[in-house]
Amino acid sequence: MLCYCRTVTYCSIQFKNGQFGQKKETLLKEKLQGKFIVLDGPDGCGKSTQAELLTRWLKDQGVPTGSFRDPGDTAIGEKIREILLNPEHLAMSTRTELLLYMAARAQLWAESIAPALQENRCVVLDRWLSSTCAYQGYAGGFGADKVIGIAADCLERIWPDLTIILDVDLNTASGRLDRQLDRMEAKGDGYHQKVRDGFLQLAKDRKDFLVVDATAEVEKVHKSLIEEVNIFF
Ligand code: TMP
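Residues numbered from 1 in each chain as written. Predicted model: local features only at pLDDT ≥ 70, side-chain atom pairs only at ≥ 80, totals over all residues.

Visitor: Just checking my understanding: could you explain the environment of Leu100 for this structure?
Guide: By the secondary structure assignment, Leu100 is in helix H5 (residues 94–118). Spatially, the C-alpha atoms of Leu100 and Pro71 are 9.0 Å apart, while their sequence positions differ by 29 residues. With near-sequence residues (within four places) excluded, Leu100 lies in contact with Ile80, Ile83 and Leu84. (Helix = DSSP H or I, 4+ residues; strand = E, 2+ residues; numbered from the N terminus. Contact = placed C-beta atoms within 7 Å.)

Visitor: Sorry, what's going on with the confidence of the model for the chain here?
Guide: Low pLDDT marks regions whose predicted coordinates should not be analysed in detail. The predicted model of the chain has a mean per-residue pLDDT of 91, with 89% of residues at 70 or higher. Every residue in residues 1–18 is under pLDDT 50, and counting partners more than four places away or in other chains gives 18 contacts. (pLDDT = per-residue confidence, 0-100.)

Visitor: Even after reading the chapter, I still don't get the packing of H5 against helix H7 (residues 144–154), so can you show me in this structure?
Guide: In a pair of packed helices, the angle between the axes and the distance between the axes together describe the arrangement. At their nearest, the axes of H5 and H7 sit 11 Å apart, and the two run at 35° to each other. The two elements H5 and H7 cross, and the hand of that crossing is right-handed. Contacts between H5 and H7 involve Leu98, Met102 and Ala106 from the first element and Val147, Ile150, Ala151 and Cys154 from the second. Across the contact of H5 with H7, the residue classes break down as seven nonpolar, no polar and no charged. (Axes fitted to C-alpha atoms, helices over the stretch in contact; angles between N-to-C directions. Left-handed = near helix turned anticlockwise from the far one by under 90°. Nonpolar A, V, L, I, M, F, W, Y, C, P; charged D, E, K, R; others polar.)

Visitor: Would you mind going over helix H4 (residues 75–85) with me for this structure?
Guide: Residue pairs spaced three or four apart in an α-helix point in one direction, given the helix's 3.6 residues per turn. Buried within H4 we find Gly77, Ile80 and Arg81. Projected down its long axis, H4 shows its buried positions confined to an angular sector of 105°, all on one face. The inward-facing, buried residues of H4 contact H5. (Buried ≥ 20, exposed ≤ 12 C-beta atoms within 10 Å, placed from the backbone. Arc of directions from axis to C-beta.)

Given below as structure tokens:
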């Protein structure tokens, strides 16, 4: 039965307007409503663009959707984001980073994510706890297990239904960041290599993580991402 549903969902993209297509769209809607999906990865992996495309695709399929970014998207979260990314704040320690990211996330959950999930929307989130594990946990040396422990104490929910890591090598990623770098982006190649390794390690450890190669052009990555979402749910 599961196989049937999966095949059907793929077809719904192609036979959108037929009677068969309508039935399949209903199935897709049912599958994805109320799901919590995170796109994450190293700076320059293109996740914000992919989050927008995924959100648009979900809306086209008739799935009620909520789309947010972490940190940010609340008045408090945007202020915390400014503090975190300000290049002048060179003195900021990894522990301070960790606590500020967690604070912004707690607010985002309370104000935006929880209400959207309660309305049975499919939530698409640009970054989440996976970033804190990769950046502060692995690259910053705090330890991913300790990050997860703190998250468990201060967040109502720590893991989404699905986390998609958009994987990209350092060269491709830095080529995409052709603007003034923020405090996190400016941490250097050694740090960012560890961030990438951290994401890949997390994806190995967890069954609810998928890795998508994000070096290809935008449309190609979008297509693989949708295929992965269809197969996963
Ligand atoms: P963004 O520009 O992709 O929204 O992310 C902001 C920066 O913050 C990015 O460099 C990744 C970093 N970050 C962390 O270091 N830890 C976290 O928990 C999160 C969510 C982001």
